[in-house]
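Observations on the model geometry
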Amino acid sequence: MSQSGKVLYVIVCAAGGAGDVGRLVALAQDAGWAVQIVATPSALDFIDVSALEEQTGRPVRSRYRKPDEPKPPRADAIIVAPATYNTINKFAQGIADTYALGLLAEAPGLGIPVVVLPSVNGGLASREPFRRSVESLRAEGVPVLLGSATGGGEAKSHPWALALETLEALEGTGRRPRE
């Protein structure tokens, strides 16, 4: 657990770079966050679940808990990285057909800061549905980190630090989760 008690959910999607998400975890832990990994069902094949559980001290979650299972700590903030075309579009539309998307669907309404670090190829990033989704999320105050810092549409170098810096800047604006 972090010294500050702040809990960061890192939602991992099935995209290139997902296997390196432990770098984001380490940066967040160094910044005082306790990290909870939430993987989309497809992302489970892209990550080292055991290594991430050891690194965070928490089980990797990918499904809703059963009634007899303990509740995880509530998120103070969320970073979606790497975020896929599907996840970004579904998040913008409020679709909650997985545990990860359910968390994302309600986060803005609860005042939980969310930062999205896409890993989307140029062909998909240029599509109108994707551009509308990015605009929609940004209109709700959700930073979607596209552009030169993320290699265009695709997060080739996975600027994990940029996602964390953006989140910390959001927190500095007073955008706080519910109490």
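All values reported here derive from a predicted model rather than from experimental measurement.

A look at the environment of Glu-69
Along the polypeptide, Glu-69 turns up in the loop between α2 (49-56) and β3 (77-83). Of the polar contacts made by the side chain of Glu-69, one reaches the backbone nitrogen of Lys-66; its length is 2.8 Å.

Quick notes on helix α3 (residues 85-93)
Those residues of α3 that fall on the buried side of the exposure criterion are Tyr-85, Thr-87, Ile-88, Asn-89, Phe-91 and Ala-92. For α3, the elements touching its buried residues are β3, α4 (99-110), β4 (114-118), α5 (122-125) and α6 (128-139). Downstream of α3 by one or two residues, Gly-94 has phi in the positive range, about 75°.

Topic: the environment of Pro-129
Relative to the elements of secondary structure, Pro-129 occurs in helix α6. Taking relative accessible area as the criterion, Pro-129 reaches 25% and is therefore assigned partly exposed. Spatially, the C-alpha atom of Pro-129 lies 7.4 Å from that of Asn-89, the residues being 40 residues apart in sequence. With residues near it in sequence (within four places) discarded, Pro-129 still touches Tyr-85 and Asn-89.

Some details on the packing of α3 against α6
Axis angle and axis distance: for two packed helices, these are the angle between their axes and the distance between the axes, and together they describe the pair. Packing of α3 against α6 leaves a shortest axis separation of 9 Å and a crossing angle of 55°. Classified by the interaxial angle, the pair formed by α3 and α6 is oblique. The chirality of how α3 crosses α6 is left-handed. Contacts between α3 and α6 involve Tyr-85, Ile-88, Asn-89, Phe-91 and Ala-92 from the first element and Pro-129, Phe-130, Ser-133, Ser-136 and Leu-137 from the second. Across the contact of α3 with α6, the residue classes tally to seven nonpolar, three polar and no charged.

Comments concerning the nonpolar core
Generally speaking, a soluble globular protein has its nonpolar side chains buried in company with each other. By size, the foremost hydrophobic cluster in this structure holds 30 residues, and its most contacted members are Ile-78, Val-80, Val-114 and Val-116. Ranked by the residues each element gives to this core, the list is headed by α4, at six residues. Ignoring any residue separated from it by four or fewer positions in sequence, one finds Val-114 in contact with Ile-78, Val-80, Phe-91, Leu-104, Ala-107, Val-142, Pro-143 and Leu-170.

Some thoughts on the sheet that holds β4
Read from one edge to the other, the open sheet built from four strands follows the order β2-β1-β3-β4, with strand pairing classed as parallel. Since the sheet does not close on itself, it has two edges, and those belong to β2 (34-39) and β4, each with one partner. Ignoring which end each strand starts from, the neighbouring axes of this sheet average 20° apart. Strands in contact with α3 are β3 and β4; relative to β4, the strand with the most contacts, it is inclined by about 145°.

Rules of the game
- Residues numbered from 1 in each chain as written.
- Predicted model: local features only at pLDDT ≥ 70, side-chain atom pairs only at ≥ 80, totals over all residues.
- Heavy atoms only, no water.
- Helix = DSSP H or I, 4+ residues; strand = E, 2+ residues; numbered from the N terminus.
- Polar contact = N/O pair within 3.5 Å; in protein donor to acceptor, adjacent residues only side chain to side chain.
- Buried < 20%, exposed > 50% of the residue type's maximum accessible area, 1.4 Å probe, protein only.
- Contact = heavy atoms within 4.5 Å.
- Axes fitted to C-alpha atoms, helices over the stretch in contact; angles between N-to-C directions.
- Parallel < 35°, antiparallel > 145°, perpendicular 65-115°, else oblique.
- Left-handed = near helix turned anticlockwise from the far one by under 90°.
- Nonpolar A, V, L, I, M, F, W, Y, C, P; charged D, E, K, R; others polar.
- Core = buried A, V, L, I, M, F, W, Y, C linked by side-chain atoms within 4.5 Å.
- Pairing = 2+ DSSP bridges.

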